[in-house]
Each structure stands twice: as C-alpha cells, then as structure tokens.
Amino acid sequence: MRVIGVGFGRTGTRSTKEALELLGFGPCHHMAELFEHPRTIDDWLQAARGEPVDWSRLLDGYHSTVDWPSVYFWRELIEVYPEARVLLTVRDPERWYDSVRSTIYRSRTMDPESAPPGLRQAFEAHPELLDQPKLTEALIWQGTFGGRFDDREHALKVYADHVAEVRATVPAERLGEFDVVQGWEPLCGFLGVDVPAEPFPLLNTTASFRERLADPAGLRVEP
C-alpha cells in the first residue's frame, strides 16, 4: 500500500482515484470497486461489524485507497501500512454537503425495483450488490453521521471534526491535503512524481453520477 486516502466521499475521490492510477499508484480502491467486485461486500460488512480484518487480503492487489468504505477505517489503515503516504482530499464544506445530499444520500433508501436502469440491471445480475446499501448505512449514515445526516449543521461538524482529527493524528511529513480543483501540481509534489502531460481528470460530478446510475453500461460489474 502506497497511498491511503482519508478524505470523505464526494471530496473529489473519484477524480483522485483516476489521478493516482494515472500516476502509477493504482489500482486504487474506491466505493466503485464494490460494484466491480460485489463479492467483496460481505468482507466489508464483516469489518463494519467489528470482526477481525485481514487487510492484506481484503485490499490485495491495491496500492492506494480513497473514499468509503476504506476511509471509515483510516485509523487502522495508517497503522497497518506505516510506510504509506496519507492523502486528505478536501472540499468547501457547504458544497460537499450539498453534493452528498443530492447523490449518495439521495439513493440511500432506493428500492431496487424502482432504481435507475443501470443499478437495477446490476442488482438483477449480481444479488450480492443488494448488501451494498447495508454497508453504506452501517459505515456512513449511522457509523459516521450517527443517523443525523439530515441535520446539516451536525453533518458539517462531523466533516470538520474528521479533518481536524486527521491533521492532529497524522505526522505533517506523512500527510498531504489536496483539493482536486488545484490540479496536478500539489498532488504530484506530495507524491514526488512528475506532472503528466494529460489534463487532470475531473470526474463524477453530481450530473455524471446520476447519468451513470441511469445507464446500464455505466456500472462495470465483474462477470
């Protein structure tokens, strides 16, 4: 493991995943990996229940992590992988809240029967995916926000407290903070690599998130 992402989801984590992989720090584990590898969802659920975790097995093959579910376990991961750099993705808190509310929180109680075509087709082909909402409920809506994400001020405080705890816990020489609107330079500087020629990938906007769920081809799932 070379990079551990400790920023909440919707802080540019999908763009950061792509950027890390372009820079040679992939594969990178992101929530999207659960849709590509639904058989791993049960392992993450076991971790959510507090059962012992063999991180080397669960994250086998990955060289970086961002987003939930792994960010929920950031304290454990920075200890298990002491040589890994720690990357805190950040975003304007108010815009972060609005983004979460209109994307992943909006789909929280989605009935598989009434889900957008992309999700419905994935659920039908891979029943294991039906456990993914259980995981997000356990780790995000209950485990992180205490069932109070609807309370904007509470959610914003959780976000701010998380950022503060990371800054207070991770040694400064190991920690990098990054906002995707900054582009390649600060990320490459932190990782000690050259800036690539291609533009920085800015992915998974609110609009593209919804489009991907609606498109049966928009979700890659393992055969």
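Residues numbered from 1 in each chain as written. Predicted model: local features only at pLDDT ≥ 70, side-chain atom pairs only at ≥ 80, totals over all residues. Heavy atoms only, no water.

### A short note on the packing of helix α3 (residues 41–48) against helix α8 (residues 132–142)
Turning to step 1, where the next piece is worked out: Closest axis-to-axis distance for the α3/α8 pair is 10 Å, and the angle between their directions is 25°. Judged by the angle between their axes, α3 and α8 are roughly parallel. Regarding α3 and α8, the two cross each other, and that crossing is left-handed. For the pair α3 and α8, the contacting residues are Ile 41, Trp 44, Leu 45 and Ala 48 in the first and Gln 132, Lys 134, Leu 135, Ala 138 and Leu 139 in the second.
Turning to step 2, where the next piece is worked out: Each residue belonging to the contact of α3 with α8 can be placed in one class, and the counts come to seven nonpolar, one polar and one charged. (Axes fitted to C-alpha atoms, helices over the stretch in contact; angles between N-to-C directions. Helix = DSSP H or I, 4+ residues; strand = E, 2+ residues; numbered from the N terminus. Parallel < 35°, antiparallel > 145°, perpendicular 65-115°, else oblique. Left-handed = near helix turned anticlockwise from the far one by under 90°. Contact = heavy atoms within 4.5 Å. Nonpolar A, V, L, I, M, F, W, Y, C, P; charged D, E, K, R; others polar.)

### Looking at the packing of aromatic side chains
The geometry of an aromatic ring pair is captured by two quantities: the separation of the ring centres and the angle between the planes.
Turning to step 1, where the next piece is worked out: Scanning the model with the defined rule gives 21 aromatic pairs in all.
Turning to step 2, where the next piece is worked out: Consider the rings of Tyr 105 and Trp 141, whose centres lie 4.8 Å apart with planes at 70°: the pair is edge-to-face. Highlighted residues: Tyr 105 in the loop between α6 (93–102) and α7 (117–125) and Trp 141 in helix α8, separated in sequence by 36 residues. Neither residue differs from the other here; Tyr 105 and Trp 141 are each classed as buried.
Turning to step 3, where the next piece is worked out: Aromatic ring contacts, followed pair by pair, group Phe 8, Trp 68, Trp 96, Tyr 97, Tyr 105, Trp 141, Phe 145, Phe 149 and Tyr 159 into a single cluster. (Phe/Tyr/Trp six-rings, centres within 6.5 Å; stacked < 30°, edge-to-face > 60°. Buried < 20%, exposed > 50% of the residue type's maximum accessible area, 1.4 Å probe, protein only.)

### Quick look at the pattern of salt bridges
Working definition: two side chains of opposite charge can pair if their charged atoms are close together.
Turning to step 1, where the next piece is worked out: Here the structure, examined in full by the defined rule, presents eleven salt bridges.
Turning to step 2, where the next piece is worked out: Residue Glu 33 pairs with Lys 17 through a salt bridge whose shortest N-O separation is 2.9 Å. Highlighted residues: Glu 33 in helix α2 (residues 32–36) and Lys 17 in helix α1 (residues 13–22), separated in sequence by 16 residues. The same class applies to Glu 33 and to Lys 17, which are both buried.
Turning to step 3, where the next piece is worked out: Residue Arg 152 pairs with Glu 94 through a salt bridge whose shortest N-O separation is 2.8 Å. Residue Arg 152 is located in helix α9 (residues 152–169), and its partner Glu 94 is located in helix α6; the two are separated by 58 residues in the primary sequence.
Turning to step 4, where the next piece is worked out: One salt-bridge network, held together by shared partners, links Lys 17, Glu 21 and Glu 33. (Salt bridge = Lys/Arg side-chain N within 4 Å of Asp/Glu carboxyl O.)

### Looking at the sheet that holds strand β2 (residues 28–29)
Turning to step 1, where the next piece is worked out: Ordered in space as β2-β3-β1-β4-β5, the five strands form an open sheet in which the pairing is parallel. The outermost strands of the open sheet, each flanked by one partner alone, are β2 and β5 (175–178).
Turning to step 2, where the next piece is worked out: Pairing between strand β1 (residues 3–5) and strand β4 (residues 85–89): three bridges, direction parallel. Paired with Ile 4 across the two strands is Val 86, which belongs to β4.
Turning to step 3, where the next piece is worked out: Strands β1, β4 and β5 of the sheet are contacted by helix α10 (residues 184–191), whose axis makes an angle of about 160° with β4. (Pairing = 2+ DSSP bridges.)

### Side note on the packing of α6 against α9
Helix-helix packing: each pair is described by the crossing angle between the helix axes and the interaxial distance.
Turning to step 1, where the next piece is worked out: At a closest axis distance of 10 Å, the pairing of α6 and α9 adopts a crossing angle of 115°. The handedness of the crossing between α6 and α9 comes out as right-handed. In this structure, α6 uses Pro 93, Glu 94, Trp 96, Tyr 97 and Asp 98 to contact α9, whose residues at the interface are Arg 152, Ala 155, Leu 156 and Tyr 159.

### Brief notes about the environment of Val 170
Turning to step 1, where the next piece is worked out: When you line up the elements, Val 170 lands in the loop between α9 and β5.
Turning to step 2, where the next piece is worked out: Taking the C-alpha atoms as reference points, Val 170 and Arg 75, 95 residues apart in sequence, are found 9.4 Å from one another.
Turning to step 3, where the next piece is worked out: Excluding anything up to four places from it in sequence, Val 170 contacts Trp 74, Ile 78, Val 86 and Leu 175.

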